[in-house]
Amino acid sequence: MSSDANTPVLRNCIRLPLAEDELLEVTAKAKDYAIMHGAAMRSKTAFSPDSLNFAPFVLVPSSFPRKEFEKAVALQPIINRLMHNVAHDEEFITTTLAETIKVDEFTANLFNIYRKVLAHGFTQAYSIGLLRSDYMAHVSEGCAIKQVEINTVASSFAGIATQLVPQQKFVLSEMGHADKLHNMPDNNALAGLCDGMVKAWDIYAKPKAVILFIIEDVSYNICDQRFHEFYIRETYPHIKVLRRTLTEVHREGKLGQSKELLLGSQEVAVIYFRAGYEPGHYHSQAEWDARYLMETSLAIKCPSIHYHLAGTKKVQQALAQPAVLERFINDPEEIKAVGKIFTGLYSLDDNEAGNASYEMALRTPERFVLKPQREGGGNNVYGVDIPDALKRMSRVERSAWILMDLIHPPLTKGYMVRPGGDMPPQIVDMVSELGIFGVVIGDAEHIVHNYQAGHMLRTKLSTANEGGVAAGLGALDSPYLI
Ligand code: ADP
Ligand code: MG
Ligand code: MG
(Lines give C-alpha, C1' and ligand atoms only; values in the text may rest on other atoms or scores of the structure.)
(Ligands and ions follow the chains in the order given, each with its own letter.)
Protein backbone atom coordinates (compact mmCIF):
# COMPACT_ATOMS: atom_id res chain seq x y z
CA MET A 1 0.00 0.00 0.00
CA SER A 2 1.41 3.37 -0.95
CA SER A 3 -0.63 5.67 1.30
CA ASP A 4 -2.09 6.00 4.78
CA ALA A 5 -4.56 8.26 6.59
CA ASN A 6 -1.99 11.08 6.80
CA THR A 7 -1.23 11.25 3.08
CA PRO A 8 -1.96 14.73 1.70
CA VAL A 9 -4.73 15.10 -0.87
CA LEU A 10 -4.15 17.25 -3.96
CA ARG A 11 -6.72 19.91 -4.78
CA ASN A 12 -9.20 18.64 -7.37
CA CYS A 13 -9.77 20.42 -10.65
CA ILE A 14 -13.52 20.61 -9.95
CA ARG A 15 -15.72 20.27 -6.89
CA LEU A 16 -16.83 16.71 -6.12
CA PRO A 17 -19.10 14.82 -5.69
CA LEU A 18 -21.16 15.45 -8.79
CA ALA A 19 -24.93 15.27 -8.56
CA GLU A 20 -25.98 11.72 -9.40
CA ASP A 21 -27.99 12.54 -12.54
CA GLU A 22 -25.12 14.62 -13.95
CA LEU A 23 -22.59 11.90 -13.07
CA LEU A 24 -24.66 9.19 -14.78
CA GLU A 25 -25.09 11.27 -17.91
CA VAL A 26 -21.49 12.37 -18.29
CA THR A 27 -20.10 8.90 -17.46
CA ALA A 28 -22.28 7.28 -20.13
CA LYS A 29 -21.09 9.87 -22.66
CA ALA A 30 -17.46 9.42 -21.64
CA LYS A 31 -17.69 5.64 -22.07
CA ASP A 32 -19.03 6.04 -25.60
CA TYR A 33 -16.46 8.75 -26.31
CA ALA A 34 -13.71 6.33 -25.25
CA ILE A 35 -14.96 3.46 -27.41
CA MET A 36 -15.56 5.72 -30.41
CA HIS A 37 -12.10 7.29 -30.16
CA GLY A 38 -10.24 4.07 -29.54
CA ALA A 39 -9.39 4.52 -25.84
CA ALA A 40 -10.14 0.83 -25.75
CA MET A 41 -8.73 -2.67 -25.40
CA ARG A 42 -9.66 -6.25 -26.09
CA SER A 43 -11.25 -7.93 -23.11
CA LYS A 44 -9.20 -10.54 -21.29
CA THR A 45 -12.29 -12.10 -19.72
CA ALA A 46 -14.51 -12.14 -22.82
CA PHE A 47 -12.04 -12.08 -25.66
CA SER A 48 -13.36 -11.54 -29.12
CA PRO A 49 -11.23 -10.40 -32.05
CA ASP A 50 -14.31 -8.50 -33.25
CA SER A 51 -15.08 -6.34 -30.25
CA LEU A 52 -13.50 -3.85 -27.89
CA ASN A 53 -14.12 -2.59 -24.38
CA PHE A 54 -13.22 0.94 -23.37
CA ALA A 55 -10.01 0.99 -21.33
CA PRO A 56 -10.53 1.87 -17.65
CA PHE A 57 -10.32 5.64 -17.26
CA VAL A 58 -10.55 8.38 -14.68
CA LEU A 59 -13.54 10.56 -15.46
CA VAL A 60 -12.09 13.94 -14.53
CA PRO A 61 -8.35 14.55 -14.99
CA SER A 62 -6.27 14.02 -11.84
CA SER A 63 -4.23 16.89 -10.49
CA PHE A 64 -0.47 16.83 -10.83
CA PRO A 65 1.99 19.51 -9.63
CA ARG A 66 2.74 21.77 -12.61
CA LYS A 67 6.33 22.48 -11.60
CA GLU A 68 7.09 18.77 -11.34
CA PHE A 69 5.44 17.98 -14.66
CA GLU A 70 7.50 20.68 -16.34
CA LYS A 71 10.64 19.38 -14.67
CA ALA A 72 9.99 15.87 -15.99
CA VAL A 73 9.42 17.19 -19.50
CA ALA A 74 12.59 19.29 -19.42
CA LEU A 75 14.65 16.36 -18.12
CA GLN A 76 13.64 13.94 -20.87
CA PRO A 77 16.28 14.87 -23.48
CA ILE A 78 18.94 14.50 -20.77
CA ILE A 79 17.54 11.10 -19.80
CA ASN A 80 17.43 10.11 -23.48
CA ARG A 81 21.11 10.95 -23.82
CA LEU A 82 21.94 9.19 -20.55
CA MET A 83 20.26 5.98 -21.71
CA HIS A 84 21.86 6.19 -25.12
CA ASN A 85 25.29 6.52 -23.52
CA VAL A 86 24.61 3.71 -21.06
CA ALA A 87 23.45 1.42 -23.87
CA HIS A 88 26.73 2.01 -25.69
CA ASP A 89 28.96 1.40 -22.67
CA GLU A 90 29.90 -2.25 -23.01
CA GLU A 91 31.97 -2.36 -19.87
CA PHE A 92 29.28 -0.79 -17.71
CA ILE A 93 26.53 -3.10 -18.96
CA THR A 94 28.74 -6.15 -18.63
CA THR A 95 29.94 -5.47 -15.10
CA THR A 96 26.56 -4.24 -13.88
CA LEU A 97 24.73 -7.35 -15.07
CA ALA A 98 27.51 -9.84 -14.23
CA GLU A 99 25.92 -11.20 -11.04
CA THR A 100 22.35 -10.93 -12.27
CA ILE A 101 22.87 -13.07 -15.35
CA LYS A 102 24.27 -15.88 -13.24
CA VAL A 103 20.83 -16.45 -11.78
CA ASP A 104 18.28 -14.71 -14.00
CA GLU A 105 17.82 -16.89 -17.05
CA PHE A 106 15.83 -14.38 -19.06
CA THR A 107 18.34 -11.56 -18.65
CA ALA A 108 21.10 -14.10 -19.34
CA ASN A 109 19.43 -15.03 -22.64
CA LEU A 110 19.24 -11.38 -23.63
CA PHE A 111 22.84 -10.91 -22.56
CA ASN A 112 23.95 -13.91 -24.62
CA ILE A 113 22.52 -12.28 -27.72
CA TYR A 114 24.40 -9.11 -26.79
CA ARG A 115 27.62 -11.06 -26.30
CA LYS A 116 27.30 -12.80 -29.66
CA VAL A 117 26.50 -9.57 -31.45
CA LEU A 118 29.49 -7.90 -29.82
CA ALA A 119 31.73 -10.74 -30.93
CA HIS A 120 30.65 -10.42 -34.55
CA GLY A 121 30.33 -6.65 -34.62
CA PHE A 122 27.09 -4.69 -34.97
CA THR A 123 25.60 -4.92 -38.46
CA GLN A 124 23.55 -1.78 -37.85
CA ALA A 125 25.29 1.05 -36.02
CA TYR A 126 22.09 3.03 -35.39
CA SER A 127 19.55 2.40 -32.67
CA ILE A 128 16.25 4.03 -31.93
CA GLY A 129 15.00 4.36 -28.38
CA LEU A 130 11.34 5.06 -27.73
CA LEU A 131 11.62 5.51 -24.00
CA ARG A 132 9.19 6.19 -21.21
CA SER A 133 10.46 7.52 -17.91
CA ASP A 134 7.90 6.96 -15.13
CA TYR A 135 7.54 9.10 -12.02
CA MET A 136 5.53 9.57 -8.91
CA ALA A 137 5.39 12.73 -6.83
CA HIS A 138 6.90 12.00 -3.43
CA VAL A 139 5.06 13.69 -0.56
CA SER A 140 7.89 13.75 1.94
CA GLU A 141 9.98 15.84 -0.47
CA GLY A 142 7.32 18.44 -1.24
CA CYS A 143 5.86 16.30 -4.04
CA ALA A 144 9.15 16.31 -5.96
CA ILE A 145 9.05 13.67 -8.70
CA LYS A 146 10.94 10.42 -8.18
CA GLN A 147 11.62 8.01 -11.00
CA VAL A 148 9.77 4.70 -10.66
CA GLU A 149 11.60 3.19 -13.62
CA ILE A 150 12.72 3.83 -17.16
CA ASN A 151 11.36 1.70 -19.99
CA THR A 152 13.44 1.10 -23.10
CA VAL A 153 11.31 -1.65 -24.61
CA ALA A 154 7.63 -1.64 -25.61
CA SER A 155 6.95 1.67 -23.86
CA SER A 156 3.21 1.62 -24.36
CA PHE A 157 0.12 3.85 -24.18
CA ALA A 158 1.35 6.73 -26.33
CA GLY A 159 -1.55 6.02 -28.68
CA ILE A 160 -4.33 5.88 -26.13
CA ALA A 161 -2.89 8.54 -23.83
CA THR A 162 -3.04 10.96 -26.74
CA GLN A 163 -6.81 10.27 -26.96
CA LEU A 164 -7.38 10.80 -23.25
CA VAL A 165 -6.71 14.53 -23.32
CA PRO A 166 -9.59 15.35 -25.69
CA GLN A 167 -11.80 12.87 -23.83
CA GLN A 168 -11.27 14.50 -20.45
CA LYS A 169 -11.52 17.96 -22.01
CA PHE A 170 -14.88 16.88 -23.42
CA VAL A 171 -15.99 15.77 -19.94
CA LEU A 172 -14.89 19.02 -18.32
CA SER A 173 -16.63 21.04 -21.02
CA GLU A 174 -19.82 19.00 -20.68
CA MET A 175 -19.88 19.95 -17.02
CA GLY A 176 -19.43 23.65 -17.72
CA HIS A 177 -15.69 23.92 -17.01
CA ALA A 178 -14.38 24.94 -20.42
CA ASP A 179 -12.40 27.69 -18.66
CA LYS A 180 -10.17 24.99 -17.10
CA LEU A 181 -9.07 23.24 -20.27
CA HIS A 182 -5.87 25.25 -20.55
CA ASN A 183 -4.51 23.45 -17.49
CA MET A 184 -4.37 20.19 -19.41
CA PRO A 185 -1.14 20.11 -21.42
CA ASP A 186 -1.34 19.02 -25.06
CA ASN A 187 -0.15 15.52 -25.65
CA ASN A 188 1.56 14.61 -28.91
CA ALA A 189 2.97 11.29 -27.75
CA LEU A 190 1.66 9.29 -30.67
CA ALA A 191 3.00 11.61 -33.35
CA GLY A 192 6.26 12.02 -31.49
CA LEU A 193 6.98 8.30 -31.26
CA CYS A 194 5.78 7.44 -34.76
CA ASP A 195 7.72 10.31 -36.32
CA GLY A 196 10.73 8.87 -34.50
CA MET A 197 10.20 5.49 -36.14
CA VAL A 198 9.94 7.21 -39.50
CA LYS A 199 13.17 9.14 -38.85
CA ALA A 200 14.84 5.78 -38.31
CA TRP A 201 13.19 4.52 -41.51
CA ASP A 202 14.68 7.57 -43.30
CA ILE A 203 18.15 6.69 -42.01
CA TYR A 204 17.75 3.19 -43.43
CA ALA A 205 17.05 4.91 -46.77
CA LYS A 206 15.30 2.19 -48.76
CA PRO A 207 11.97 3.51 -50.06
CA LYS A 208 10.33 0.08 -50.31
CA ALA A 209 11.40 -1.21 -46.90
CA VAL A 210 8.73 -1.69 -44.22
CA ILE A 211 8.43 -1.11 -40.47
CA LEU A 212 7.92 -4.37 -38.56
CA PHE A 213 6.00 -4.47 -35.28
CA ILE A 214 6.85 -7.50 -33.15
CA ILE A 215 3.64 -8.43 -31.36
CA GLU A 216 2.34 -10.86 -28.75
CA ASP A 217 0.31 -13.92 -29.80
CA VAL A 218 -2.77 -12.00 -28.67
CA SER A 219 -2.63 -8.19 -28.49
CA TYR A 220 -5.04 -7.03 -25.81
CA ASN A 221 -3.67 -3.50 -26.07
CA ILE A 222 -4.54 -3.51 -29.75
CA CYS A 223 -5.81 0.07 -30.07
CA ASP A 224 -2.60 1.52 -28.72
CA GLN A 225 -0.61 -0.50 -31.25
CA ARG A 226 -2.98 0.18 -34.15
CA PHE A 227 -2.87 3.92 -33.45
CA HIS A 228 0.85 3.76 -34.20
CA GLU A 229 0.33 1.75 -37.36
CA PHE A 230 -2.55 3.91 -38.63
CA TYR A 231 -0.72 7.16 -37.83
CA ILE A 232 2.28 6.02 -39.84
CA ARG A 233 0.20 5.00 -42.86
CA GLU A 234 -1.95 8.13 -42.72
CA THR A 235 0.94 10.53 -42.29
CA TYR A 236 3.41 8.74 -44.55
CA PRO A 237 1.23 6.90 -47.11
CA HIS A 238 4.19 5.18 -48.76
CA ILE A 239 5.32 3.36 -45.57
CA LYS A 240 3.89 -0.06 -44.75
CA VAL A 241 3.71 -1.55 -41.28
CA LEU A 242 3.80 -5.33 -40.84
CA ARG A 243 2.85 -7.13 -37.63
CA ARG A 244 4.49 -10.45 -36.78
CA THR A 245 5.02 -12.56 -33.64
CA LEU A 246 8.49 -13.81 -32.77
CA THR A 247 7.31 -17.27 -33.84
CA GLU A 248 6.29 -15.94 -37.26
CA VAL A 249 9.61 -14.16 -37.70
CA HIS A 250 11.33 -17.44 -36.97
CA ARG A 251 9.24 -19.13 -39.66
CA GLU A 252 9.39 -16.42 -42.33
CA GLY A 253 12.47 -14.35 -41.63
CA LYS A 254 15.87 -14.63 -43.22
CA LEU A 255 18.87 -12.45 -43.91
CA GLY A 256 19.71 -11.22 -47.40
CA GLN A 257 23.14 -10.68 -48.90
CA SER A 258 23.83 -7.48 -46.98
CA LYS A 259 22.24 -8.96 -43.84
CA GLU A 260 19.01 -7.11 -44.55
CA LEU A 261 16.05 -8.69 -42.76
CA LEU A 262 13.64 -10.21 -45.26
CA LEU A 263 10.11 -11.40 -44.56
CA GLY A 264 9.23 -13.13 -47.79
CA SER A 265 10.27 -10.55 -50.35
CA GLN A 266 9.78 -7.56 -48.03
CA GLU A 267 12.82 -5.86 -46.58
CA VAL A 268 12.51 -4.51 -43.03
CA ALA A 269 13.96 -1.08 -42.24
CA VAL A 270 12.85 -0.70 -38.62
CA ILE A 271 11.79 -3.28 -36.01
CA TYR A 272 9.54 -2.01 -33.22
CA PHE A 273 9.24 -4.50 -30.36
CA ARG A 274 5.86 -4.57 -28.63
CA ALA A 275 6.68 -8.08 -27.45
CA GLY A 276 9.83 -9.90 -26.46
CA TYR A 277 10.23 -8.18 -23.08
CA GLU A 278 9.07 -11.12 -20.94
CA PRO A 279 9.92 -14.82 -20.79
CA GLY A 280 6.37 -15.87 -21.78
CA HIS A 281 6.88 -14.34 -25.23
CA TYR A 282 9.59 -16.92 -25.99
CA HIS A 283 7.82 -20.24 -26.25
CA SER A 284 10.90 -22.15 -27.34
CA GLN A 285 14.36 -21.67 -28.77
CA ALA A 286 12.67 -20.65 -32.04
CA GLU A 287 11.68 -17.25 -30.63
CA TRP A 288 15.17 -16.67 -29.23
CA ASP A 289 16.60 -17.56 -32.62
CA ALA A 290 14.24 -15.04 -34.21
CA ARG A 291 15.37 -12.36 -31.78
CA TYR A 292 19.00 -13.13 -32.60
CA LEU A 293 18.31 -13.11 -36.33
CA MET A 294 16.77 -9.65 -36.06
CA GLU A 295 19.58 -8.42 -33.86
CA THR A 296 22.21 -9.45 -36.38
CA SER A 297 20.26 -7.90 -39.26
CA LEU A 298 20.72 -4.52 -40.84
CA ALA A 299 17.31 -3.34 -39.63
CA ILE A 300 17.27 -0.54 -37.05
CA LYS A 301 15.92 -2.02 -33.84
CA CYS A 302 13.67 -0.35 -31.28
CA PRO A 303 15.19 -1.37 -29.00
CA SER A 304 18.46 -2.92 -30.04
CA ILE A 305 19.69 -5.50 -27.55
CA HIS A 306 22.02 -3.07 -25.73
CA TYR A 307 19.16 -0.60 -25.32
CA HIS A 308 16.99 -3.40 -23.94
CA LEU A 309 19.67 -4.31 -21.39
CA ALA A 310 20.20 -0.65 -20.47
CA GLY A 311 16.54 -0.57 -19.39
CA THR A 312 16.84 -3.39 -16.83
CA LYS A 313 16.07 -2.61 -13.22
CA LYS A 314 19.61 -3.67 -12.33
CA VAL A 315 21.09 -0.96 -14.55
CA GLN A 316 18.69 1.59 -13.07
CA GLN A 317 19.90 0.60 -9.60
CA ALA A 318 23.53 0.97 -10.65
CA LEU A 319 22.90 4.39 -12.19
CA ALA A 320 21.49 5.69 -8.94
CA GLN A 321 24.75 5.04 -7.05
CA PRO A 322 26.83 8.12 -6.21
CA ALA A 323 29.25 9.28 -8.91
CA VAL A 324 28.01 6.83 -11.55
CA LEU A 325 26.14 9.50 -13.50
CA GLU A 326 29.43 11.33 -14.05
CA ARG A 327 30.44 8.52 -16.35
CA PHE A 328 27.59 9.35 -18.72
CA ILE A 329 26.74 13.03 -18.29
CA ASN A 330 29.26 15.88 -18.52
CA ASP A 331 27.32 18.88 -17.27
CA PRO A 332 27.38 19.09 -13.43
CA GLU A 333 23.97 20.83 -13.38
CA GLU A 334 22.46 18.00 -15.39
CA ILE A 335 24.05 15.41 -13.10
CA LYS A 336 22.51 17.18 -10.14
CA ALA A 337 19.08 17.40 -11.75
CA VAL A 338 19.02 13.73 -12.76
CA GLY A 339 20.45 12.63 -9.39
CA LYS A 340 17.52 14.31 -7.63
CA ILE A 341 14.89 12.16 -9.34
CA PHE A 342 16.43 8.95 -8.06
CA THR A 343 15.17 7.51 -4.82
CA GLY A 344 17.21 4.96 -2.86
CA LEU A 345 18.05 1.91 -4.98
CA TYR A 346 20.05 -0.95 -3.49
CA SER A 347 21.93 -3.90 -4.91
CA LEU A 348 21.21 -7.37 -3.58
CA ASP A 349 24.30 -8.86 -5.20
CA ASP A 350 26.21 -11.49 -3.28
CA ASN A 351 28.76 -9.14 -1.73
CA GLU A 352 29.15 -6.83 1.26
CA ALA A 353 26.89 -4.06 -0.05
CA GLY A 354 24.27 -6.58 -1.15
CA ASN A 355 24.28 -8.29 2.21
CA ALA A 356 23.87 -4.94 3.96
CA SER A 357 20.79 -4.17 1.80
CA TYR A 358 19.45 -7.62 2.59
CA GLU A 359 19.72 -7.00 6.33
CA MET A 360 18.15 -3.56 5.93
CA ALA A 361 15.21 -5.06 4.02
CA LEU A 362 14.61 -7.62 6.77
CA ARG A 363 14.76 -4.91 9.45
CA THR A 364 12.45 -2.34 7.81
CA PRO A 365 10.63 -4.02 4.92
CA GLU A 366 7.80 -1.48 5.00
CA ARG A 367 10.18 1.08 3.46
CA PHE A 368 10.83 -0.91 0.31
CA VAL A 369 9.74 -2.57 -2.90
CA LEU A 370 11.64 -5.59 -4.22
CA LYS A 371 11.96 -5.81 -8.01
CA PRO A 372 13.10 -8.56 -10.37
CA GLN A 373 14.42 -7.99 -13.92
CA ARG A 374 10.98 -8.04 -15.46
CA GLU A 375 8.67 -5.70 -17.34
CA GLY A 376 4.95 -5.39 -17.76
CA GLY A 377 3.81 -5.06 -14.15
CA GLY A 378 2.78 -7.51 -11.47
CA ASN A 379 6.26 -8.82 -10.68
CA ASN A 380 7.27 -6.81 -7.61
CA VAL A 381 7.10 -7.70 -3.92
CA TYR A 382 6.03 -4.99 -1.48
CA GLY A 383 6.69 -4.08 2.14
CA VAL A 384 5.88 -6.77 4.68
CA ASP A 385 5.95 -9.51 2.03
CA ILE A 386 9.63 -8.83 1.33
CA PRO A 387 11.28 -10.80 4.21
CA ASP A 388 9.57 -14.07 3.29
CA ALA A 389 10.36 -13.61 -0.37
CA LEU A 390 14.03 -12.86 0.38
CA LYS A 391 14.39 -15.72 2.82
CA ARG A 392 13.18 -18.18 0.19
CA MET A 393 16.10 -17.16 -2.04
CA SER A 394 19.70 -18.29 -1.85
CA ARG A 395 22.37 -15.58 -1.57
CA VAL A 396 23.12 -15.79 -5.27
CA GLU A 397 19.46 -15.82 -6.26
CA ARG A 398 19.01 -12.45 -4.60
CA SER A 399 21.23 -10.82 -7.21
CA ALA A 400 18.40 -11.24 -9.73
CA TRP A 401 16.53 -8.59 -7.71
CA ILE A 402 16.97 -5.01 -6.61
CA LEU A 403 15.61 -3.18 -3.60
CA MET A 404 14.06 0.27 -3.91
CA ASP A 405 12.68 2.86 -1.51
CA LEU A 406 8.91 3.08 -1.73
CA ILE A 407 7.71 6.37 -3.16
CA HIS A 408 4.69 7.85 -1.39
CA PRO A 409 2.56 9.84 -3.81
CA PRO A 410 -0.14 12.30 -2.74
CA LEU A 411 -3.79 11.28 -3.05
CA THR A 412 -6.37 12.53 -5.48
CA LYS A 413 -10.08 11.86 -5.26
CA GLY A 414 -12.16 11.03 -8.28
CA TYR A 415 -14.27 8.59 -10.27
CA MET A 416 -12.66 5.55 -11.83
CA VAL A 417 -14.73 4.07 -14.63
CA ARG A 418 -14.23 0.48 -15.75
CA PRO A 419 -16.11 -1.85 -18.07
CA GLY A 420 -18.84 -3.56 -16.09
CA GLY A 421 -18.12 -1.36 -13.05
CA ASP A 422 -20.58 0.44 -10.73
CA MET A 423 -22.94 2.95 -12.30
CA PRO A 424 -22.76 5.61 -11.12
CA PRO A 425 -19.09 5.21 -10.16
CA GLN A 426 -18.09 5.95 -6.57
CA ILE A 427 -15.53 8.51 -5.44
CA VAL A 428 -12.29 6.73 -4.58
CA ASP A 429 -8.82 7.64 -3.27
CA MET A 430 -6.27 7.37 -6.03
CA VAL A 431 -2.58 7.92 -6.80
CA SER A 432 -1.01 8.69 -10.16
CA GLU A 433 2.14 7.77 -12.05
CA LEU A 434 3.34 10.10 -14.78
CA GLY A 435 5.15 8.74 -17.83
CA ILE A 436 7.19 11.00 -20.10
CA PHE A 437 8.02 9.69 -23.56
CA GLY A 438 11.32 10.35 -25.27
CA VAL A 439 12.83 9.59 -28.66
CA VAL A 440 16.55 9.17 -29.23
CA ILE A 441 18.29 7.97 -32.37
CA GLY A 442 21.99 7.60 -32.95
CA ASP A 443 25.05 5.39 -33.06
CA ALA A 444 27.91 4.92 -30.62
CA GLU A 445 29.50 8.24 -31.64
CA HIS A 446 26.59 10.58 -32.33
CA ILE A 447 23.02 11.28 -31.40
CA VAL A 448 21.12 12.50 -34.44
CA HIS A 449 17.64 12.97 -32.91
CA ASN A 450 16.78 13.59 -29.29
CA TYR A 451 13.47 14.97 -28.09
CA GLN A 452 10.69 14.65 -25.54
CA ALA A 453 7.46 13.31 -27.03
CA GLY A 454 4.34 13.67 -24.94
CA HIS A 455 3.26 11.99 -21.75
CA MET A 456 0.79 9.64 -20.10
CA LEU A 457 -0.80 9.43 -16.68
CA ARG A 458 -1.90 6.18 -15.07
CA THR A 459 -3.95 6.30 -11.92
CA LYS A 460 -4.72 3.48 -9.51
CA LEU A 461 -6.62 3.00 -6.28
CA SER A 462 -4.46 4.22 -3.42
CA THR A 463 -4.79 0.78 -1.83
CA ALA A 464 -3.30 -1.06 -4.84
CA ASN A 465 0.40 -1.79 -5.02
CA GLU A 466 0.45 -1.64 -8.79
CA GLY A 467 -1.70 0.07 -11.34
CA GLY A 468 -1.15 -1.69 -14.63
CA VAL A 469 -3.93 -0.67 -17.00
CA ALA A 470 -3.45 -3.78 -19.13
CA ALA A 471 -3.42 -5.83 -15.91
CA GLY A 472 -6.77 -4.26 -14.96
CA LEU A 473 -5.70 -2.43 -11.81
CA GLY A 474 -5.16 1.06 -13.05
CA ALA A 475 -6.93 3.55 -15.22
CA LEU A 476 -5.90 5.92 -17.97
CA ASP A 477 -5.81 9.54 -17.05
CA SER A 478 -4.10 12.81 -17.99
CA PRO A 479 -2.57 15.43 -15.79
CA TYR A 480 -4.46 18.52 -14.71
CA LEU A 481 -1.67 20.89 -13.73
CA ILE A 482 -2.00 22.74 -10.45
P1 ADP B 1 7.36 -2.69 -14.57
O2 ADP B 1 8.55 -2.61 -15.46
O3 ADP B 1 6.86 -4.08 -14.39
O4 ADP B 1 6.28 -1.72 -14.95
P5 ADP B 1 7.81 -0.95 -12.26
O6 ADP B 1 9.12 -0.68 -11.67
O7 ADP B 1 7.20 0.16 -13.06
O8 ADP B 1 7.90 -2.29 -13.12
O9 ADP B 1 6.81 -1.37 -11.13
C10 ADP B 1 5.44 -1.61 -11.38
C11 ADP B 1 4.55 -0.71 -10.53
O12 ADP B 1 4.89 -0.85 -9.16
C13 ADP B 1 4.69 0.77 -10.82
O14 ADP B 1 3.88 1.17 -11.90
C15 ADP B 1 4.24 1.37 -9.49
O16 ADP B 1 2.83 1.39 -9.40
C17 ADP B 1 4.76 0.37 -8.48
N18 ADP B 1 6.10 0.79 -8.00
C19 ADP B 1 7.29 0.46 -8.54
N20 ADP B 1 8.31 1.02 -7.87
C21 ADP B 1 7.75 1.74 -6.88
C22 ADP B 1 8.28 2.54 -5.81
N23 ADP B 1 9.59 2.71 -5.65
N24 ADP B 1 7.40 3.12 -4.96
C25 ADP B 1 6.05 2.94 -5.09
N26 ADP B 1 5.51 2.18 -6.07
C27 ADP B 1 6.33 1.58 -6.94
MG1 MG C 1 8.87 -1.30 -17.05
MG1 MG D 1 6.37 0.29 -14.93
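Residues numbered from 1 in each chain as written. Chains lettered and ligands numbered in written order. Predicted model: local features only at pLDDT ≥ 70, side-chain atom pairs only at ≥ 80, totals over all residues. Heavy atoms only, no water.

Colleague: Is there a simple way to explain the pairing of strand β11 (residues 266–273) in this structure?
Modeller: Consecutive side chains of a regular strand alternate in pointing toward one face of the sheet and then the other. A large share of β11 lies buried, amounting to seven of its eight residues. Judged from the five bridges that link them, strand β7 (residues 210–215) and β11 form a sheet pairing that is parallel. Paired with Ile214 across the strands is Phe273, a residue of β11. In textbook terms, the turn of a hairpin is the stretch between consecutive antiparallel strands, and for strand β10 (residues 261–263) and β11 this stretch comprises two residues, one of which, Gly264, has a positive phi near 60°. Direction of pairing for β11 relative to strand β12 (residues 300–302): parallel, over a ladder of three bridges. Bridge pairing in β12 links Ile271 to Lys301. Tracing the backbone out of β11, into helix α10 (residues 285–296) and back to the parallel element β12 gives a crossover that is right-handed. (Buried < 20%, exposed > 50% of the residue type's maximum accessible area, 1.4 Å probe, protein only. Helix = DSSP H or I, 4+ residues; strand = E, 2+ residues; numbered from the N terminus. Pairing = 2+ DSSP bridges. Right-handed = clockwise from strand over helix to strand, strands pointing away.)

Colleague: I keep staring at the sheet that holds strand β15 (residues 381–382) and nothing clicks. Help me out?
Modeller: Consider a sheet: its strands pair through backbone hydrogen bonds, and that pairing is either parallel or antiparallel. Pairing within the open sheet is antiparallel, and its four strands lie in the order β13-β16-β14-β15. Each of the sheet's edge strands pairs with one partner strand only, and the pair in question is β13 (345–347) and β15. Here two bridges tie strand β14 (residues 368–372) to β15, and the two strands are oriented antiparallel to one another. Bridging from a neighbouring strand, Val369 pairs with Tyr382 of β15. Along the sheet, helix α14 (residues 352–363) makes contact with β13, β14 and β16 (401–405), crossing β13 at roughly 120°. (Contact = heavy atoms within 4.5 Å. Axes fitted to C-alpha atoms, helices over the stretch in contact; angles between N-to-C directions.)

Colleague: Teacher, can you tell me more about the coordination of the magnesium ion (ligand 2) here?
Modeller: Four donors placed tetrahedrally around a metal ideally meet at 109.5 degrees, and six donors placed octahedrally ideally meet at 90 or 180 degrees. Bound to the magnesium ion (ligand 2) on the protein side are Glu149 (OE), Glu149 (OE), Asn151 (OD1) and Glu375 (OE), at distances that span 1.9 to 2.3 Å. Mapped onto the sequence, the donors of the magnesium ion (ligand 2) take the spacing E-x1-N-x223-E. Between the magnesium ion (ligand 2) and the magnesium ion (ligand 3), the interatomic distance is 3.6 Å, and Glu149 donates to each metal, bridging them. In this pair, Asn151 is assigned in strand β6 (residues 144–151) and Glu375 in the loop between β14 and β15, connecting sequence segments 224 residues apart. As far as the burial class goes, Asn151 and Glu375 line up, both buried. (Donors = N, O, S within 2.8 Å, 3.2 Å for Na, K, Ca; no water.)

Colleague: Just checking my understanding: could you explain the packing of helix α1 (residues 20–36) against helix α6 (residues 158–174) for this structure?
Modeller: Working note: a packed helix pair is described by the angle between its axes plus the distance between those axes. Here α1 crosses α6 at 155°, and the two axes come no closer than 10 Å. One way to sum up the angle between α1 and α6 is to call them roughly antiparallel. As for the relative orientation of α1 and α6, their crossing is right-handed in sense. On α6, the residues that touch Val26, Lys29, Ala30, Tyr33 and Ala34 of α1 are Pro166, Gln167, Phe170, Val171 and Glu174. Partitioned by chemical class, the residues of the contact of α1 with α6 number seven nonpolar, one polar and two charged. (Parallel < 35°, antiparallel > 145°, perpendicular 65-115°, else oblique. Left-handed = near helix turned anticlockwise from the far one by under 90°. Nonpolar A, V, L, I, M, F, W, Y, C, P; charged D, E, K, R; others polar.)

Colleague: Is there a simple way to explain the side chain of Glu68 in this structure?
Modeller: Looking at the element boundaries, Glu68 is found in helix α2 (residues 66–87). Excluding its chain neighbours within four sequence positions, the residues that come into contact with Glu68 are Cys143, Ala144 and Ile145.

Colleague: Could you clarify how one ought to interpret the site of ligand 1 in this entry?
Modeller: The environment of ligand 1 is made up of 20 residues, and the closest members are Lys371, Glu375, Gly377, Tyr382 and Glu433. Contacts to ligand 1 include Glu149, whose side-chain N or O atom sits 2.9 Å from an oxygen atom. When isolated, ligand 1 has an accessible area of 540 Å², and the protein chains bury 96% of it. Among the secondary structure elements, those contributing two or more residues to the shell around ligand 1 are β6, β14 and β16. A class-by-class count of the residues in the shell around ligand 1 yields seven nonpolar, four polar and nine charged. (Near = heavy atom within 4 Å. Polar contact = N/O pair within 3.5 Å; in protein donor to acceptor, adjacent residues only side chain to side chain. Areas by Shrake-Rupley, 256 points an atom, 1.4 Å probe, with all protein chains shown as cover.)

Geometry only, nothing functional implied.
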